[in-house]
Amino acid sequence: MYIRHLIAGAAISASWAGMAVAEDCALRVTTWGGSYQATYQAVAQKFEEEHNCRIEWVVGASPDHLIKARLGQVDVVTNTLLNSIAGEKEGLWQKLDPAKIPNMANLYPNAVHSPYTVFANVGDYVLAYEPRRHLRDRPYPNPQSHRSAGGEERRQ
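Residues numbered from 1 in each chain as written. Predicted model: local features only at pLDDT ≥ 70, side-chain atom pairs only at ≥ 80, totals over all residues. Heavy atoms only, no water.

Peer 1: Sorry, what's going on with the environment of Ala-86 here?
Peer 2: With respect to the helices and strands, the residue Ala-86 is situated in helix α4 (residues 81-89). Accessibility expressed as a relative area gives 23% for Ala-86, which makes it partly exposed. (Helix = DSSP H or I, 4+ residues; strand = E, 2+ residues; numbered from the N terminus. Buried < 20%, exposed > 50% of the residue type's maximum accessible area, 1.4 Å probe, protein only.)

Peer 1: Mind showing me how you'd approach the state of the cysteines here?
Peer 2: The bond known as a disulfide is covalent and runs between the sulfur atoms of two cysteines. One pass over the full model with this rule turns up 1 disulfide. Two residues share a disulfide in this structure: Cys-25 and Cys-53, whose sulfurs sit 2.1 Å from each other. Between Cys-25 and Cys-53, the disulfide has an S-S torsion of -60 degrees and is therefore left-handed. Of this pair, Cys-25 sits in strand β2 (residues 25-31) while Cys-53 is found in strand β3 (residues 53-59), placing the two residues 28 residues apart along the sequence. (Disulfide = S-S within 2.5 Å.)

Peer 1: Could you clarify how one ought to interpret the nonpolar core in this entry?
Peer 2: Core analysis: the biggest nonpolar cluster contains 10 residues, these being Cys-25, Leu-27, Val-29, Tyr-40, Ala-44, Phe-47, Cys-53, Ile-55, Trp-57 and Val-76. Those elements that provide at least two residues to this core are β2, α2 (34-51) and β3. Counting 7 residues, the second largest nonpolar core, distinct from the first, contains Val-58, Ala-69, Val-74 and Val-77. (Core = buried A, V, L, I, M, F, W, Y, C linked by side-chain atoms within 4.5 Å.)

Peer 1: What's the story with helix α3 (residues 62-70) in this structure? I'm lost.
Peer 2: Residues lying three or four places apart along an α-helix face the same way, a consequence of the helix completing one turn every 3.6 residues. Taken as a whole, α3 has its buried residues at Ser-62, His-65, Leu-66 and Ala-69. Viewed end-on, α3 has its buried residues packed into an arc of 95 degrees, placing them on one side of the element. Of the residues flanking the end of α3, it is Gly-72, one or two places downstream, whose phi is positive at about 70 degrees. (Arc of directions from axis to C-beta.)

Peer 1: Before we go on, may I ask you to explain unusual backbone geometry in this structure?
Peer 2: For residues that are not glycine, phi is negative in most cases, and the peptide bond is trans in most cases. Unusually for a residue other than glycine, Asn-52 sits at a positive phi of about 50 degrees. Along the chain, Asn-52 falls in the loop between α2 and β3.

Peer 1: What exactly am I supposed to notice about the pattern of salt bridges here?
Peer 2: For side chains bearing opposite charge, pairing can occur when the charged atoms are close. The full count for this structure, using the stated rule, is 4 salt bridges. We note a salt bridge from Glu-50 to Lys-46, for which the minimum N-O separation is 3.8 Å. Here the residue Glu-50 and the residue Lys-46 both occupy positions in helix α2, the gap between them amounting to 4 residues, near one helical turn. Linking Arg-54 and Glu-56 is a salt bridge whose minimum nitrogen-to-oxygen distance equals 2.9 Å. Overall, the relative accessible area of 43% leaves Arg-54 in the partly exposed class. (Salt bridge = Lys/Arg side-chain N within 4 Å of Asp/Glu carboxyl O.)

Right, here's the structure in full:
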């Protein structure tokens, strides 16, 4: 049994387009839970509506995801590189078809590890520091500004 392996939750809708149309359709997707699952769910809702297919979240750790893939208990797998490579060697993953995943053309070249694995990470991440404690005595200057997501510059 071949399983689509996507580390990018956003690629779900593109890669399964046209495959999930039955009223009783369910797509079993692994997740680590928490902010990962919350981010996937935000993308998945549109997929579920467009394809009349509900997503069943299979929460667990990376080794669990690989085991469930071996047992045919999941359809889309998110995983670490180590477990993804193991799945590739075992023939568990189906090649990703860039024609069905248009956003693959927008990825950095090093994001495509192989024809079976795409690197991605989702969730809320931030780089933060306390300038009075951490950077004051460093040989490089404290940052004076950063660009917000909207492109506007903010100064300290």
